[in-house]
Amino acid sequence: MLRGLILFILFTQVMAGRWGQLCDGNPTNRVRGKDRYGRGEYGAPRGRRTHLGVDVICSDGSIVHAPFTGRMVRQLNPFGNNNAIDNGAMLEGSGYCVKMFPITAQRYTGSVTKGEVIGRLLNIQDVYPGMISHVHIQMCDTSINPTPYL
Ligand SMILES: [Zn+2]
């Protein structure tokens, strides 16, 4: 009886904690491995700095989905250099706040449902040829590793 209850709680926590598929063509949210620019894991080295998000493999131009139910908060310019991939979106809801880039979103306000199409991946190959194209997702609080939610 107690064990059943514990299993039920664990199960519901796992189900609540899992985000939906982020990108078309990658149903398991597979993370970018090594390429000549680095690795996609949270905490991977980036020169002197570390990678503050996790990179989920996604082909240039692919459809990107809302990972959870919530709302679009605002548009982002993550690199601040106005290049071809300097665009993204902040989303909040279901206990999460995340930044996703490089994507172009259909809109940057209003509510979204988990799995809903929010936009497309920008053309990473135009800026970083040979990189494993991906959608970068990081928590608004970058001290939190988002990987367990994938
Ligand atoms: Zn990244």
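Keep in mind that what you see is a predicted model, and the values were worked out from it rather than measured. (Residues numbered from 1 in each chain as written. Predicted model: local features only at pLDDT ≥ 70, side-chain atom pairs only at ≥ 80, totals over all residues.)

Asks: How should I be thinking about the environment of Thr28 in this particular structure?
Replies: One can find Thr28 in the loop between α1 (2-17) and β1 (45-46). Residues Thr28 and Leu150, 122 residues apart in the sequence, show an inter-C-alpha distance of 8.0 Å. (Helix = DSSP H or I, 4+ residues; strand = E, 2+ residues; numbered from the N terminus.)

Asks: Would you take a moment to explain the sheet that holds strand β4 (residues 63-65) for this structure?
Replies: The strands that make up a sheet are held in pairs by hydrogen bonds between backbone atoms, and each pair lies either parallel or antiparallel. A sheet is described by the order of its strands in space; here three strands give the open sequence β4-β10-β8, paired in antiparallel fashion. The open sheet terminates on both sides in strands that have one partner only, identified here as β4 and β8 (103-105). Within the sheet, the average angular offset between the axes of one strand and its neighbour, ignoring direction, is 40°. (Pairing = 2+ DSSP bridges. Axes fitted to C-alpha atoms, helices over the stretch in contact; angles between N-to-C directions.)

Asks: For this particular structure, what's the right way to read the sheet that holds strand β7 (residues 96-101)?
Replies: Across the sheet, six strands lie side by side as β3-β11-β7-β6-β5-β9; this open sheet has antiparallel pairing. In this open sheet, the two strands that pair with only one neighbour each are β3 (54-57) and β9 (111-112). Both strand β5 (residues 70-76) and β9 contribute to a ladder of two bridges, which runs antiparallel. Looking at the pairing, Arg71 lines up with Ser111 of β9.

Asks: Help me out: how do you make sense of the nonpolar core in this one?
Replies: In summary, soluble globular proteins display a tendency toward joint burial of nonpolar side chains. Formed by 29 residues in total, the largest nonpolar core has its most connected members in Val56, Cys58, Val64, Met100, Ile103 and Val135. Among the secondary structure elements, those contributing two or more residues to this core are β3, β6 (88-93), β7, β8, β10 (117-121) and β11 (134-139). When residues of this core are assigned to their parent elements, the largest contribution, four residues, is made by β7. If near-sequence neighbours (up to four positions away) are discounted, Met100 is found in contact with Gly88, Ala89, Leu91, Val135, His136 and Ile137. (Core = buried A, V, L, I, M, F, W, Y, C linked by C-beta atoms within 7 Å. Buried ≥ 20, exposed ≤ 12 C-beta atoms within 10 Å, placed from the backbone. Contact = placed C-beta atoms within 7 Å.)

Asks: Even after reading the chapter, I still don't get unusual backbone geometry, so can you show me in this structure?
Replies: Across residues other than glycine, the phi torsion is negative in most instances, and most of the peptide bonds are trans. Backbone torsion omega between Phe101 and Pro102 reads -5°, so that peptide bond is classified as cis. Locating Pro102 in the fold gives a position in the loop between β7 and β8. Even without being a glycine, Asn82 presents a positive backbone phi close to 60°. Structurally, Asn82 can be placed in the loop between β5 and β6. Phi is positive for Ser94, close to 55°, though the residue is something other than glycine. Along the polypeptide, Ser94 turns up in the loop between β6 and β7. Taking the number of C-beta atoms within 10 Å as the measure of exposure, Ser94 has 16 and is therefore partly exposed.

Shape descriptors only; they carry no functional weight alone.
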